[in-house]
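Reading the structure
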Amino acid sequence: MSNYNADVVIVGGGISGCIMGWKLAEAGADVLILEAGDRIDRNKSILAYMNDPNRNNDTPYPQASNAQFPPMDNPNDYYVQMGPDNFQSNYIKALGGTTWHWLGTCLRFVPNDFRMKSAYGVMVDWPITYNDLEPWYNLAESALPVSGNSEFDLGAPRSQPYMMGEIPMTYSDKLIQKAFENLTLPDDATKKLEVRGTPQGRNSKEYDNRPACCGSNNCIPMCPVGAKYDGSVHAAKAEAAGVKILTNSTANFIQTNEDSQVTGIKFKTPEGEGVATGKIYVLAAHAIETPKLMLMSKSERYPNGVGNSSDQVGRNLMDHNCVLSYGLTKDPVFPYRAPLSTAGVENVKDGEFRKDRAAFRIEIGNDGWSWPVGYPEVLAPWMMKKSGRTYHKNVPVGMETQDTYNPEGDNKDFFYGNDLRNMIKQNVEREIRFAFLVEQPPDPNNRIVPDFEKLDSFGNPRPKIYYSIDDYTKAGINVAVDLQKKMLDSLNATQQHHSWPYGAGHIVGTTTMGSDPKTSVVDGELRCHDHKNMFILGSNTFPTVTASNPTLTIVAMTLRCVEAVQKQLAEME
């Protein structure tokens, strides 16, 4: 058995764990990070992706037997779904975490997001306010850093400008901005759709040994040049500051003593087992794996798992239910020439309507139909099916050089040569896509628990998920679909399509923060109510999901928590 000791033991080498480790080590603390996954070589992963004819968004992140996670194309290979609705969002296990394949959107939450109960009589209030977090938002935007236009009013007052200038809005963004000038929310005519550039965690100029964004449109699954921020940036900074990182090390039990102190983290590697001990412990293993670890840590003293006197660990699982809308514009809009999204509509995220239905933000895509349908190689058979033709990937011998098909001949079911190229070109250059990120209220019945009867490939329980989309969320989805039709009509779009909600990959809740230990897992400083030397990081601590992407708030909350950990360490001296 391998034993390690440090001042602070962090479980999870993603964005929050690595930023926490970096800041603590810079201040002189001895820090150990346990990461279940392996290190990722960007160049090798990109080459593997480019050279795989059957590539998908999981290709750069192959599953390891010791670190199984829910794949993008079929999360049920890992999740045990109990319904009634399928939970669709995923994550990866790797040093740097899921930010390897995030889009890079860095929005602040708006002030009313922190006080939903007080403002609208629904959901709950956070134990902190927007003003409490605003200075930490500034630090978070500098730490990544974030590129944005400080003049845009995105609903969140700021005391400092962005560190970097904005990533420019695209040709299609500007066309859409003009088309939306007279559009309003269906249930609030005072809310006009204002298209604004989106603040993003990618360099708009060379900075910190990372290049400026090259507009490759490959942000998901992986930025090929490293212009987009991912957690490996702070993993490297953490190691340079002296943090020890153990990869391929899966935490599987939290040890405690009779004084309710955490005394160690048991972990498993392909070579054996180990224990990591310290003064303070930080769980930063994502909104599914963190509660699973806590609930796995049953003992005679804690029969319901660690940190779970409130019975709230694993509960209040939330996501953005993402409704996609797509169509073909009359004239070309030229997608695939920038990051996957550079603009959106943010001024519709808050209003009196939140008393009755979920809010949403609108993301404008630069990625054609790649999300709802697929890239051109997937688009071809999809279009054939829609047109009633049969798509044949392999053209018959003797027809390889033909540029047209003969409707009366033997090859009437084929598209190939110039016909195929022109069909794809005419479709792709006019493709437009919108995504509505619809918030969801916390519900204790939406939860994750370990399935001790269905184990993963490393012998640990798989996550068993109970999940349902409620009427409040569905009311928001209905308004979104109504608005989508008006948006596409304003662009004279044909072939209009609307999807059933996807998971947005924004997994929230499961160890929520609050002032009352009877109804929450951590306090406003992210300290576990039950175990004063254990902190929990990540979106799993958020009491509500809001309508904005969560990553910037994860970073702001992490930096705020660093101060609490440092203070407690000093008191232990």
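Residues numbered from 1 in each chain as written. Predicted model: local features only at pLDDT ≥ 70, side-chain atom pairs only at ≥ 80, totals over all residues. Heavy atoms only, no water.

Topic: the sheet that holds strand β18 (residues 461–467)
Pairing in this open sheet of three strands is mixed, and the strands run β4-β18-β17 from one edge to the other. What marks the edges here is a single partner per strand, and that holds for β4 (80–84) and β17 (447–455). Averaged over neighbouring strand pairs, the angle between their axes works out to 25° when direction is ignored. The strands touched by helix α7 (residues 286–296) are β17 and β18; relative to β17, the strand with the most contacts, the crossing angle is about 65°. (Pairing = 2+ DSSP bridges. Helix = DSSP H or I, 4+ residues; strand = E, 2+ residues; numbered from the N terminus. Axes fitted to C-alpha atoms, helices over the stretch in contact; angles between N-to-C directions. Contact = heavy atoms within 4.5 Å.)

Details of the side chain of D530
As for its position among the elements, D530 is in the loop between β20 (502–503) and β21 (534–536). The charged side chain of D530 is buried without a salt bridge, its nearest counter-charge being K532 at 7.1 Å. Polar side-chain contacts of D530 include one of 3.2 Å to the backbone nitrogen of N308. A polar side-chain atom of D530 sits 2.7 Å from a polar atom in the side chain of S309. Leaving out residues up to four positions away in the same chain, D530 has contacts with S260, G307, N308 and S309. (Buried < 20%, exposed > 50% of the residue type's maximum accessible area, 1.4 Å probe, protein only. Lys, Arg positive; Asp, Glu negative; His and termini not counted. Salt bridge = Lys/Arg side-chain N within 4 Å of Asp/Glu carboxyl O. Polar contact = N/O pair within 3.5 Å; in protein donor to acceptor, adjacent residues only side chain to side chain.)

Observations concerning empty space enclosed by the protein
Scanning the model with the defined rule gives two cavities of 30 Å³ or more in all. In this structure, the largest cavity occupies an estimated 70 Å³ of space. Looking at the largest cavity, it is lined by 13 residues, and the ones nearest its centre are R202, C213, S216, C219 and C223. Among the residues forming the lining of the largest cavity, the class breakdown is seven nonpolar, four polar and two charged. Put simply, the second largest cavity is a space of about 40 Å³. Lining the second largest cavity, in full, are N86, F87, Q88, D319, H320, N321, Y467, Y502 and G503. Taken together, the residues of the lining of the second largest cavity break down into three nonpolar, five polar and one charged. (1 Å grid on protein atoms, 1.4 Å probe; cavity = no way out; pocket = protein on both sides within 12 Å on 5 of 7 lines; lining within 4 Å. Points joined across faces, edges and corners; volume = space filled by probe spheres on them. Nonpolar A, V, L, I, M, F, W, Y, C, P; charged D, E, K, R; others polar.)

With respect to the layout of surface pockets
By volume, the second largest pocket amounts to about 240 Å³. In this structure, the second largest pocket is lined by 17 residues; those nearest its centre are V124, T512, M513, T519 and P543. Looking at the lining of the second largest pocket residue by residue, the classes come out as seven nonpolar, seven polar and three charged.

With respect to the environment of G327
For G327, the location among the structural elements is in strand β13 (residues 321–328). A relative accessible area of 0% places G327 in the buried class. Taking the C-alpha atoms as reference points, G327 and H498, separated by 171 residues in sequence, lie 9.0 Å from one another. Among residues more than four places away in sequence, those in contact with G327 are W369, R430, E431, I432, L488, T494, Q495 and Q496.

A short note on the packing of aromatic side chains
Counted by the stated rule, this structure contains 16 aromatic pairs. With a centroid separation of 6.0 Å and an interplanar angle of 65°, the aromatic rings of Y79 and F87 are classed as edge-to-face. Accessibility expressed as a relative area gives 2% for Y79, which makes it buried. An angle of 85° between the planes, with centres 5.7 Å apart, marks the rings of F109 and F542 as edge-to-face. You can see F109 sitting in the loop between β4 and α3 (116–120) and its partner F542 sitting in the loop between β21 and α11 (551–572), a full 433 residues away along the chain. As far as the burial class goes, F109 and F542 line up, both buried. An aromatic cluster of three or more residues is present, and its members are F109, F114, W126, Y130, Y137 and F542. A cation sits over an aromatic face here: K266 above F253, 5.7 Å from the ring centre. (Phe/Tyr/Trp six-rings, centres within 6.5 Å; stacked < 30°, edge-to-face > 60°. Lys NZ or Arg CZ within 6 Å of the ring centre and 35° of its normal.)

Overview of unusual backbone geometry
With omega at -10°, the peptide bond leading from L144 into P145 counts as cis. Along the chain, the position of P145 falls in the loop between α4 (130–143) and α5 (171–179). A cis amide bond links I220 to the next residue, P221, at an omega of 20°. Here P221 is to be found in the loop between β7 (195–197) and α6 (232–240). Here the phi dihedral of H286 falls at roughly 85°; this positive angle occurs in a residue that is not glycine. Within the secondary structure, H286 sits in helix α7. If you check the backbone angles, T510 has positive phi at about 100° while not being a glycine. Locating T510 in the fold gives a position in the loop between β20 and β21. For T510, a relative accessible area of 0% corresponds to the buried category.

Considering the pattern of salt bridges
One pass over the full model with this rule turns up 24 salt bridges. Residue E346 is joined to R361 by a salt bridge in which the shortest nitrogen-to-oxygen separation is 2.7 Å. Taken together, the residues E346 in the loop between β14 (341–345) and β15 (360–365) and R361 in strand β15 connect sequence positions 15 residues apart. Here E346 matches R361 in class, with each residue buried. A salt bridge links E429 to K425, with the nearest nitrogen and oxygen atoms 3.3 Å apart. In the salt-bridge network here, residues are joined through shared partners; they are R108, E134, E141 and R158.

Observations regarding helix α1 (residues 15–26)
Spanning twelve residues, α1 covers 16 Å between terminal C-alpha atoms, matching the ideal 16 Å at 1.5 Å per step. Among the twelve residues in α1, ten count as buried, and that is most of the element. Of the positions making up α1, those classed as buried are I15, S16, G17, C18, I19, M20, G21, W22, L24 and A25. Of the surrounding elements, those touching the buried residues of α1 are β2 (8–11), β3 (31–34), α6 and α11. Just downstream of α1 lies G28, where phi reads positive at about 105°. (Expected span 1.5 Å × (residues − 1).)

Comments concerning a nonpolar patch on the surface
Taken together, the side chains of Y171, L175 and F334 make up a nonpolar region of the molecular surface, amounting to roughly 280 Å² of accessible area. Structurally, the position occupied by L175 is in helix α5. (Patch = residues over 30% accessible without salt bridge, like charges linked within 9 Å, V, L, I, M, F, W, Y side chains within 5 Å. Areas by Shrake-Rupley, 256 points an atom, 1.4 Å probe, with all protein chains shown as cover.)

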